Amino acid sequence: MFVGHYSVAFACRTERNQIPLWVLFVAVQFLDYIWATLVLLGIEKLRVIKGFTAGSMLDSYFHPYSHSLITAILWSAVAALVYKGVCGRHPFDSAHGRLSHYSKSAPLIIGIAVFSHWILDLIAHPRDLPIYDNTSKVGFGLWNYRDPEFALEVALVVGGIVLYLARNAMPAIRKGAVIAFGIALVVVQIGDTYVPRTPLTDKRTAMGVWIFYTLFVLIAFAVEKVGCRKRINTP
Ligand SMILES: [Zn+2]
């Protein structure tokens, strides 16, 4: 699962909880940020093999700290507590850059967003997600079916964006920016699923994860600034 994770970020953001979209973009990929970091440190292990599954080259044969069910629950709790600690004290309104109300449900939503990553990975991954430690591995393996997996990613992103647009009031120009962002995410997914490429090393793959995910976070930040005060260019 790749861009499909962002559907949860779009779907979680409401007028009521006031969680900035960029924060949710970090949350839904929080487990992968930990994973990429641990791969870079040589603690978690990854092989990149051409044709490993139809839709992905990643053989994540050792990722018990970032991607086991037990640690996913723990990381979700950590993220919720961090959000509560930081934003509970300094509530902010991402859209207008000013202080506003802080919704009590926000940390729980952050926790759910982080945990959603494991659930969506469970659908796509081959049997490589441990329940605990590095054992009892699960995974429904939708990555073995390239087109259905791609269709699910796109359907999720579209669904998430529809909810986001329906539940958040915004100027027309920002709506356009959000839709453009959604199209860009689909294009990235087309590239990831269908464009053949030489496998990178494990470390370069992890670096790519950091760079791409952070780029998306920055775009999510910029998109929520569009049409508020002065205009900011979007993708
Ligand atoms: Zn993952």
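Report on the accompanying structure.

1. Quick word on the coordination of the zinc ion
Okay, so step 1: Listed as protein donors to the zinc ion are Asp32 (OD), His67 (NE2), His117 (NE2) and Asp121 (OD); their distances from the metal cover 2.1 to 2.2 Å.
Okay, so step 2: One way to put it: the 4 donor atoms around the zinc ion meet at angles of 85 to 171 degrees, and that makes the site irregular.
Okay, so step 3: Donor residues for the zinc ion sit on one chain with the sequence pattern D-x34-H-x49-H-x3-D. Taken as a pair, His117 and Asp121 lie in helix H6 (residues 106-124) at a separation of 4 residues, close to a single helical turn. Just as His117 is buried, Asp121 falls in that class too.

2. Describing helix H2 (residues 21-28)
Think of an α-helix as 3.6 residues a turn; residues three or four steps apart then line up on the same face.
Okay, so step 1: With 6 of 8 residues buried, H2 is to be regarded as a mostly interior element.
Okay, so step 2: Along H2, the positions that sit buried rather than exposed are Leu21, Val23, Leu24, Phe25, Ala27 and Val28.

3. Examining H6
Okay, so step 1: The first and last C-alpha atoms of H6 sit 28 Å apart over 19 residues, in line with the 27 Å expected at 1.5 Å per residue.
Okay, so step 2: Among the 19 residues of H6, 14 are classified as buried, and the element is accordingly described as predominantly covered.

4. Quick word on the nonpolar core
Okay, so step 1: Judged by nonpolar contacts, the single largest core of 55 residues is most densely connected at Tyr6, Phe10, Ile19, Phe25, Ile110, Val178 and Phe181.
Okay, so step 2: In this structure Tyr6 touches Phe25, Val28, Gln29, Leu185, Tyr213 and Phe216, once residues within four positions along its chain are discounted.

5. Thoughts on the pattern of salt bridges
Okay, so step 1: Scanning the entire structure with this criterion turns up 3 salt bridges.
Okay, so step 2: Salt-bridge contacts for Glu224 lead to Arg13; the nearest nitrogen and oxygen are separated by 3.5 Å. With Glu224 in the segment after helix H9 (202-223) and Arg13 in the loop between helix H1 (5-12) and H2, this pair connects stretches of sequence that are 211 residues apart.
Okay, so step 3: Across the pair Arg47 and Asp59 runs a salt bridge whose closest N-O atoms are separated by 3.0 Å. Here Arg47 is found in strand S1 (residues 45-53), whereas its partner Asp59 is found in strand S2 (residues 56-62), with 12 residues between them in sequence.
Okay, so step 4: In this structure Arg47 comes out as partly exposed when scored by relative accessible area, which is 41%.

Thresholds, definitions, all that
- Residues numbered from 1 in each chain as written.
- Predicted model: local features only at pLDDT ≥ 70, side-chain atom pairs only at ≥ 80, totals over all residues.
- Heavy atoms only, no water.
- Donors = N, O, S within 2.8 Å, 3.2 Å for Na, K, Ca; no water.
- Tetrahedral: all angles 85-135°; square planar, octahedral: opposite > 155°, others 65-115°.
- Helix = DSSP H or I, 4+ residues; strand = E, 2+ residues; numbered from the N terminus.
- Buried < 20%, exposed > 50% of the residue type's maximum accessible area, 1.4 Å probe, protein only.
- Expected span 1.5 Å × (residues − 1).
- Core = buried A, V, L, I, M, F, W, Y, C linked by side-chain atoms within 4.5 Å.
- Contact = heavy atoms within 4.5 Å.
- Salt bridge = Lys/Arg side-chain N within 4 Å of Asp/Glu carboxyl O.

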